[in-house]
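# Descriptive structure summary
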Amino acid sequence: MEKSLTPHGHEAVHPPTTTGEDHRKVLMWLFLASDVLFFGSLIATFVAYAQRVPHTPLHEVFNIPITSWSAFVLLMSSVTMALAVWSAHSGKMGLMRIYLLATVLLGVHFLADQGYEFYHFTLDGFTPRVNPVGSAFFTLTGFHGAHVTVGVLWLFSLFLASFRGGITPKNAIWVEIAGLYWHFVDVVWIVIFAVVYLIGASFY
Amino acid sequence: MAVSAGTLRRPAEGGLWSTVWEWLTTVDHKRIGLLYFWTVLFWFLLAGVEALILRLQLARPDAGVLTPAVYNQLYTMHGTLMVFLVGTPAASVFANMVLPLMIGARDVAFPRLNALSYWVFLFGGILLNAGWLAGGAFDVGWTGYANMSTRPFTQSIGANFWVMGLIVLGLSTMASAFNFLVTIINMRAPGMTLMRMPLMVWALTVVFILVIFAFPVLTVALIFLWFDRFYGTRFFDVAAGGNVFLWQHLFWVFGHPEVYILILPAFGILSEVIPTFSRKPIFGYSTMVLAMGAIAFLGFSVWAHHMFTTGMGPVGNFAFSLSTMLIAIPTGVKVFNWLATMWGGRIRWRVPMLFAGATVLLFILGGLSGMMHASPPIDSQQQDTYFVVAHFHYVLFGGLVMAMFAGVYYWLPKLTGRLLDEGLGKWHFWLTFIGFNLTFFPMHILGALGMPRRIYTYPAEAGWGGLNLLITIGAYILALGILVFAYNLLRSLRKGEPAGSDPWDGRTLEWSIPSPPPEYNFEEIPVVHGRDAWWEQKRQRRVAPVGGGSNGDPHAPGEGHQPGPGREVIHLPKPSIIPLVLALGLAVAGVGTIYHPAVIALGLAITIGAIVAWAIEPPLQGAVHSKE
Ligand code: HEM
Ligand SMILES: [Cu+2]
């Protein structure tokens with residue numbers, strides 16, 4: 001994404017902004033605020049249906065130990081992400097690459113877990129088509145998975161770009177913004193894990 | 001290289017093709033604003049023609065102009081177009097046209113994203129309407145209630161285009177909102193504090209905040225519907241335990257904020273036009289800002305007033321009735337402030353002011369009928385009658401569209417450099433005003449008599465024939481007014497009187513620069529010392545208008561622009577075709593979801609390619625010096 005008209009110089013110079021924050025960072029905050037409503041609607045739909053519609057007994061379908069593990073994996077990826085941002089800001093490019101890659105791999109691990117989980121759910125007869133709760137569950141977790149996928153691709157492209165000189169301490173802001181996104185996606189998962197897997201399984 | 005003023009109408013150096021190319025690749029907010037404007041005008045005319053056909057059918061009892069099926073498609077598409085292709089983008093039209101100028105910025109925060117928003121809007125609009133060509137448009141009403149809109153009840157392909165079109169349009173609306181919010185947060189000129197921003201900017205700010213919180217909810221509802229229609233999910237399948245209230249809640253959680261998304265740009269326009277033509281500062285600036293904030297906040301707490309008759313029970317009905325009546329308070333505050341601004345002012349009844357004054361009047365009428373159905377017992381009588389049709393046309397046409405006319409007469413000359421004709425403008429105004437009231441006032445009476453909305457005909461014995469004929473005649477008088485407007489627009493492009501930089505003796509910064517403004521808007525970023533920044537400057541003779549004197553209102557052009565300390569070097573954003581390509585990719589993928597996975601793949605390939613190119617392409621072009 002572009003910078004606005006810079007009064008002088010080239011890419012590296014940021015235009016002075018009214019708040020002092022980079023445009024792209026403000027954009028990301030706004031996007032995340034908006035995304036809260038997106039996930040909020042999906043979660044609310046799940047809860048409303050899980051409470052009142054006859055459906056597959058979720059506590060028999062869910063495999064809480066596995067999902068707890070993948071939640072843990074995603075949490076750890078937030079730690080590596082934070083470290084990547086820190087290394088980028090302090091100019092430790094090599095370290096940053098390692099942490100970026102670690103974050104990507106943890107994200108992929110999470111996605112693999114989700115695929116495994118989905119596969120077993122469908123074997124147990126819990127599918128998006130079986131009842132409204134199934135529809136709500138798979139749509140919600142599916143969209144979360146899509147967010148993680150986007151994050152993984154984004155971080156991986158930052159990782160690649162760093163070899164071509166695309167990421168320097170001066171535009172560490174890119175890593176920072178990707179980090180904001182990544183943390184947000186993690187937090188959403190914590191909410192989903194609590195509301196859907198832990199509380200939701202006890203509904204109805 | 002020096003860029004002369006008037007880039008908006010700079011004669012193309014390389015003939016027609018290069019002109020077209022310039023527009024396809026533009027990232028200049030002013031040009032994008034004009035693209036938005038013409039596109040919205042086109043959809044407005046199309047939706048208007050649809051309404052005129054509806055009125056032909058309703059002019060007489062038992063008429064056979066339209067089959068019931070076509071009637072349903074026409075009213076659905078008329079409503080959808082007016083809401084999503086005229087009202088919703090109104091904010092983007094005016095924000096692109098003047099928002100950066102009003103806050104003293106050289107462009108928006110993300111020029112290419114801005115172009116992308118426009119192209120996605122264009123393709124989304126085409127998708128939305130494509131049902132007509134593909135074998136029949138959507139016919140469930142603009143509210144698209146599921147389960148009526150799910151496959152067992154609506155097989156038509158038009159439904160698929162409707163859902164996909166709205167999803168795509170939502171992306172455009174949100175992208176535009178993000179972009180302008182960042183612009184407002186981060187690109188105000190020095191001294192332009194929040195409480196010094198023109199009220200138009202405030203109104204748009206509130207609109208965009210509403211957009212980013214309301215549209216995700218609509219998107220979720222549309223995705224559910226989409227999945228039900230295509231992938232066999234059961235969100236709205238009642239037999240499987242699905243609940244039809246799911247759609248109604250999600251839709252109206254979006255839908256009520258949406259009505260403020262529609263009306264707030266109008267409030268903004270009134271708050272600029274009225275003080276300018278009353279030659280007084282706006283009365284109660286801070287209360288205006290507070291009122292808009294309150295409206296935005298309360299706007300999210302009233303949605304279920306659209307569901308009074310669904311059996312929510314007395315507690316729900318009471319709560320939502322109360323919040324709905326509360327929201328009338330800040331709205332009333334605004335009306336009183338406009339009236340107080342006019343009070344004792346030396347009002348110049350130029351065309352923008354005529355429209356603004358009429359808007360206040362018609363909006364009061366629409367607001368009053370709205371208050372009536374805030375009461376559940378009354379609403380249960382009025383729901384789904386023509387009373388409701390009268391109400392929302394008073395607020396949407398009388399409030400929003402009339403204000404948009406005011407805004408066009410007021411600001412379009414800033415971008416084209418040419419005024420619209422006053423005489424034609426007055427014809428436009430009176431034909432529209434009289435036609436409007438002839439069309440929509442009698443609908444209150446019909447509603448009270450019990451005529452339901454969304455019916456394709458009625459029996460002669462009902463006794464509704466006379467009023468309906470009157471309404472149809474009114475609609476055609478109204479249409480005549482719109483024709484005059486269209487002619488006036490086209491005429492002004494060629495023969496319009498040159499606008500000069502400050503034709504209305506304006507108060508805000510956009511009037512301090514030439515019309516049309518140079519590509520970079522401001523030679524020097526202005527420094528703001530108070531509200532009504534330009535007016536203050538004129539009063540204190542700090543600066544004279546740039547680019548020649550103004551029409552009618554002589555302000556002795558003083559010493560000219562103060563040469564600043566050292567010319568700035570301005571880097572302009574680079575024109576780019578990538579936004580158009582990206583939008584095309586999305587549209588192709590959208591069509592693919594309806595027809596064939598291979599087409600989705602093609603669309604996604606284009607999209608991804610465009611995203612990569614976007615990331616690689618340098619956003620800025622070489623330096624442009626602001627002055628020779
Ligand atoms: C050009 C003048 C207009 C005329 C003659 C007109 C006429 C009509 C008619 C005849 C209907 C159908 C009533 C029914 O069968 O229930 C209708 C519905 C509607 N109109 Fe208009 N209208 C006009 C302008 C507008 C404008 C400017 C807006 C909004 C910006 C608007 C928004 C709507 C909506 C939302 C509906 C409801 C559609 C539905 O029931 O799903 N109209 N209008
Ligand atoms: Cu409402």
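The notes below deal with the structure included here.

Cut-offs used in this document
- Residues numbered from 1 in each chain as written.
- Chains lettered and ligands numbered in written order.
- Predicted model: local features only at pLDDT ≥ 70, side-chain atom pairs only at ≥ 80, totals over all residues.
- Heavy atoms only, no water.
- Helix = DSSP H or I, 4+ residues; strand = E, 2+ residues; numbered from the N terminus.
- Buried < 20%, exposed > 50% of the residue type's maximum accessible area, 1.4 Å probe, protein only.
- Contact = heavy atoms within 4.5 Å.
- Areas by Shrake-Rupley, 256 points an atom, 1.4 Å probe, with all protein chains shown as cover.
- Lys, Arg positive; Asp, Glu negative; His and termini not counted.
- Charge placed at Lys NZ, Arg CZ, Asp CG, Glu CD.
- Donors = N, O, S within 2.8 Å, 3.2 Å for Na, K, Ca; no water.
- Tetrahedral: all angles 85-135°; square planar, octahedral: opposite > 155°, others 65-115°.
- Near = heavy atom within 4 Å.
- Polar contact = N/O pair within 3.5 Å; in protein donor to acceptor, adjacent residues only side chain to side chain.
- Nonpolar A, V, L, I, M, F, W, Y, C, P; charged D, E, K, R; others polar.
- Phe/Tyr/Trp six-rings, centres within 6.5 Å; stacked < 30°, edge-to-face > 60°.
- Salt bridge = Lys/Arg side-chain N within 4 Å of Asp/Glu carboxyl O.

### Things to note about the overall build of chain A
- Helices and strands together make up the secondary structure of chain A, namely six helices and zero strands.
- Listing the helices and strands of chain A from first to last along the sequence gives α-α-α-α-α-α.
- Principal-axis analysis of the C-alpha atoms places the extent of chain A at approximately 65 × 35 × 20 Å.
- Considering chain A as a whole, with its 204 residues, one finds that 50% of them fall into the buried category.
- Look at the contacts in chain A between residues 6 or more apart in sequence, and 77% of them connect residues 24 or more apart.
- Of the accessible surface of chain A, which amounts to about 8800 Å², a share of 72% is contributed by carbon and sulfur atoms.
- Each charge sign in chain A was given a centre, from 9 positive and 11 negative side chains, and these centres are 10 Å apart.

### Observations regarding the coordination of the iron atom of ligand 1
Residue and element names in this part refer to chain B.
- Distances from the iron atom of ligand 1 to its protein donors, His78 (NE2) and His393 (NE2), fall at 2.0 Å.
- Note that the iron atom of ligand 1 binds six donor atoms; their angles at the metal cover 87 to 179°, and the shape is octahedral. One end of the pair, His78, is in helix H3 (residues 68-87); the other, His393, is in helix H14 (residues 386-416), and 315 residues separate them in sequence. We note that His78, like His393, is buried.

### Concerning the site of ligand 1
Residue and element names in this part refer to chain B.
- Lining the immediate surroundings of ligand 1 are 22 residues, of which Tyr71, His78, Trp142, His393 and Arg454 lie closest.
- Taking Tyr71, its side chain carries an N or O atom lying 2.6 Å from an oxygen atom of ligand 1.
- One nitrogen or oxygen atom from the side chain of His78 is found 2.8 Å from a nitrogen atom belonging to ligand 1.
- Residues belonging to the shell around ligand 1 are distributed by class as follows: 15 nonpolar, four polar and three charged.

### Some details on the packing of aromatic side chains
- Under the defined criterion, the tally for this structure stands at 71 aromatic pairs over all chains.
- Between Phe62(A) and Phe121(A) the ring centres are 5.7 Å apart and the planes differ by 50°, which places this aromatic pair in the tilted class. Here the residue Phe62(A) occupies a position in the loop between helix H2 (58-61) and helix H3 (64-89), and Phe121(A) occupies one in helix H4 (residues 93-123), the gap between them amounting to 59 residues. An identical accessibility class is assigned to Phe62(A) and Phe121(A); each is buried.
- A ring pair is formed by Trp69(A) and Phe72(A), whose centres lie 5.6 Å apart and whose planes are at 35°; its orientation type is tilted. With Trp69(A) and Phe72(A) both in helix H3 and three residues apart, the pair spans about one turn of that helix.
- The rings of Phe44(B), Phe355(B), Tyr394(B), Phe397(B), Phe405(B), Tyr409(B), Phe429(B), Trp430(B), Phe433(B), Phe436(B), Phe440(B) and Phe485(B) are connected pair by pair, giving a single aromatic cluster.

### Comments concerning the coordination of the copper ion (ligand 2)
- Listed as protein donors to the copper ion (ligand 2) are His256(B) (ND1), His305(B) (NE2) and His306(B) (NE2); their distances from the metal cover 1.7 to 2.0 Å.
- A relative accessible area of 25% places His306(B) in the partly exposed class.

### Some words on the interface of chain A and chain B
- Taken together, the contact between chain A and chain B spans 40 residues of the former and 45 residues of the latter.
- The tally of links between chain A and chain B comes to zero salt bridges.
- At the junction of chain A and chain B, the tally comes to 12 residue pairs in polar contact (both at pLDDT 80 or more).
- Breaking the side of chain A that touches chain B down by element, the ones donating at least two residues are helix H1 (23-52) and helix H5 (132-163) of chain A.
- Among the elements that make up the side of chain A that touches chain B, the one with the highest residue count is H1(A) (14 residues).

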